[in-house]
Amino acid sequence: MLFCKGDRQMEFLLETDHLKKYYGKETASKGSRNSIVKAVDGVSLKIEKGRSLALIGESGSGKTTFGKLVAGLEKPSEGTISFLGKEVQNLKERDFRPFRRELQMIFQSSNGVFDPTYTIGESIREVMQNYMPMSPAEYEDAIDEILEKVGLEPAMKHRYVSQLSGGQCQRANIARALVLRPKLVICDEPVSSLDFSIRKQILNLLNDMQEEFGLTYLLITHDLSNVPYVCKAVAIMYQGKVVEYIDRTDCIWQLAFHPYTKLLFQSIPATDPRKRKIGMNDTELHISETAAVQGCCYQNRCSLCTKKCKIEEPELVLAGDEHWVACHHFENMK
Ligand SMILES: Nc1ncnc2c1ncn2[C@@H]1O[C@H](COP(=O)(O)OP(=O)(O)OP(=O)(O)O)[C@@H](O)[C@H]1O
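Residues numbered from 1 in each chain as written. Predicted model: local features only at pLDDT ≥ 70, side-chain atom pairs only at ≥ 80, totals over all residues. Heavy atoms only, no water.

As recorded in an unreviewed UniProt entry, the protein chain goes by the name ABC transporter domain-containing protein, listed as coming from Blautia hydrogenotrophica. Recorded under Sequence similarities (unreviewed entry), the UniProt text for the protein chain is reproduced unchanged: "Belongs to the ABC transporter superfamily." (UniProt positions renumbered as here; feature names shortened; annotations may be inferred.)

Pasting the structure below:
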């Protein structure tokens, strides 16, 4: 079980326990390839109220699937998800509704979020109508207020999504997610589709909204430079598992022990750590083809791999102050 800072008497917003999501079926015929994809493979995480967590890892490591499980958009294969102290993974849609309001998701782009035939105002009102019965005038006031909060003119509510710039779209996206005043916001690559000049503005906006509304974020990103803006802790995923958890985000590239985390952070050298991005060359990106059947999930790429790594799966163990790592050789990486 993975514990994070404040585990003593803290109120946890979200807890997952051995959460798994497997796609596909086991092939019965001998010699055929196993068609199961272990997108999320036993993730136990806790997020304390107000202590936003970044989930990082390369493409295909399971970050989005984890976010979808938490948001109730996918059902887990195994494990539990507790939100505000209640297990929610088996709730029927009707019973999950109150949690859905508290648990919003911001996606990479507004594609699929805004109906192109609705104005921005109509889209935001539709979300409110599902949860907040009010008079028409009150809806209009609430729409104007949230648009202003995210830095958009209230008159923008009359526009369609096709009439907004990328940055304006993402602000409208954020307005739509925050109008219900959720407690946990899952941000899945919230700035990766934007120009560099706009990214910082949107990250600062997320940070401001966090303070103003007392939000907690689960930030899903492959871009390390986004992390310190909004998060206080970071979990690194590889092949559906959390391989390292560090309860700080200021100098994680120096603190990391896991060989995979080190590789991620070293892959693009930069003197300014905020410019460091996760990136691999093309050969390193093909991870699922080399998935290990037993032992450490990282064994096929690890220069420290020994016989033990091929047999025994490393548990997450406490390696430092609120720092957990799943590697038999982490002592050598200190
Ligand atoms: N609906 C699905 N059916 C089958 N496999 C899926 C499905 N959704 C995701 N996967 C697989 O699960 C694995 C994890 O995918 P996921 O999208 O969660 O990774 P990710 O870390 O978010 O990657 P990216 O940053 O590229 O979005 C991948 O191998 C992916 O192909």
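Attention shifts here to the confidence of the model for the protein chain. Considering every residue of the protein chain, the mean pLDDT works out to 86; 86% of them sit at 70 or more. Counted against residues more than four places away or in other chains, residues 4-8, with its pLDDT under 50, gives 14 contacts. In this model residues 276-289 is a low-confidence stretch, pLDDT under 50, and it forms 38 contacts with partners more than four residues away in sequence or in other chains. (pLDDT = per-residue confidence, 0-100. Contact = heavy atoms within 4.5 Å.)

The next point concerns the environment of Q299. Positionally, Q299 belongs in the loop between helix 10 (282-285) and helix 11 (307-311). Here Q299 falls in the buried class, since its relative accessible area comes to 10%. (Helix = DSSP H or I, 4+ residues; strand = E, 2+ residues; numbered from the N terminus. Buried < 20%, exposed > 50% of the residue type's maximum accessible area, 1.4 Å probe, protein only.)

Okay, helix 9 (residues 259-266) next. For helix 9, the tally of buried residues reaches six of eight residues, placing the bulk of the element in the interior. Among the residues of helix 9, P259, Y260, T261, K262, L264 and F265 are the ones counted as buried. Among the structural elements, strand 3 (53-56), strand 9 (233-238), strand 10 (241-246) and helix 8 (252-255) are those in contact with the buried residues of helix 9.

Turning next to the site of the ligand. Near the ligand you find Y23, V37, A39, E58, S59, G60, S61, G62, K63, T64 and T65, and these make up its full shell. In the environment of the ligand, an oxygen atom lies 2.5 Å from a nitrogen or oxygen atom belonging to the side chain of S59. In the model, an oxygen atom of the ligand is placed 2.5 Å from a nitrogen or oxygen of the T65 side chain. Protein burial of the ligand: of its 630 Å² of free accessible surface, 59% is covered by the chains. Counting residues per element, the ones that place at least two in the shell around the ligand are strand 2 (37-48) and helix 1 (63-71). Ranked by the residues each element gives to the shell around the ligand, the list is headed by helix 1, at three residues. Looking at side-chain class alone, the shell around the ligand contains three nonpolar, six polar and two charged residues. (Near = heavy atom within 4 Å. Polar contact = N/O pair within 3.5 Å; in protein donor to acceptor, adjacent residues only side chain to side chain. Areas by Shrake-Rupley, 256 points an atom, 1.4 Å probe, with all protein chains shown as cover. Nonpolar A, V, L, I, M, F, W, Y, C, P; charged D, E, K, R; others polar.)

Summed over the entire model, instances satisfying the criterion amount to 17 salt bridges. Here K241 and D41 are joined by a salt bridge, their closest N and O atoms 2.9 Å apart. Taken together, the positions of K241 in strand 10 and D41 in strand 2 put the pair 200 residues apart, joining distant regions of the chain. Between K241 and E313 there is a salt bridge whose closest N-O contact spans 3.1 Å. You can see K241 sitting in strand 10 and its partner E313 sitting in the loop between helix 11 and strand 11 (317-320), a full 72 residues away along the chain. A relative accessible area of 41% means that E313 is categorised as partly exposed. One connected set of salt bridges, linked through shared partners, spans R125, E140, D144 and K157. (Salt bridge = Lys/Arg side-chain N within 4 Å of Asp/Glu carboxyl O.)

With the rule as written, the count across this model stands at six aromatic pairs. On the numbers, 4.5 Å between centres and 55° between planes, the contact of Y238 with Y260 is tilted. One end of the pair, Y238, is in strand 9; the other, Y260, is in helix 9, and 22 residues separate them in sequence. Across the pair, exposure class does not vary: Y238 and Y260 are buried alike. Put simply, the rings of F83, F96 and F99 pair up and form one aromatic cluster. In this arrangement the basic side chain of R176 is found over the ring face of F114, its NZ or CZ atom lying 5.9 Å from the centre. (Phe/Tyr/Trp six-rings, centres within 6.5 Å; stacked < 30°, edge-to-face > 60°. Lys NZ or Arg CZ within 6 Å of the ring centre and 35° of its normal.)

Right, let's get into the sheet that holds strand 1 (residues 12-23). Judged by pairing direction, the sheet is antiparallel, and its four strands sit side by side in the order 2-1-4-5 without closing on themselves. Where the open sheet ends on each side, the last strands, each with one partner, are strand 2 and strand 5 (86-87). By the bridge criterion, five bridges tie strand 1 to strand 4 (residues 78-83) in an arrangement that is antiparallel. Within strand 4, the position partnered with D17 by the bridge is T80. Against the sheet, helix 1 engages strand 1, strand 2 and strand 4, with an angle of about 120° to strand 1. (Pairing = 2+ DSSP bridges. Axes fitted to C-alpha atoms, helices over the stretch in contact; angles between N-to-C directions.)

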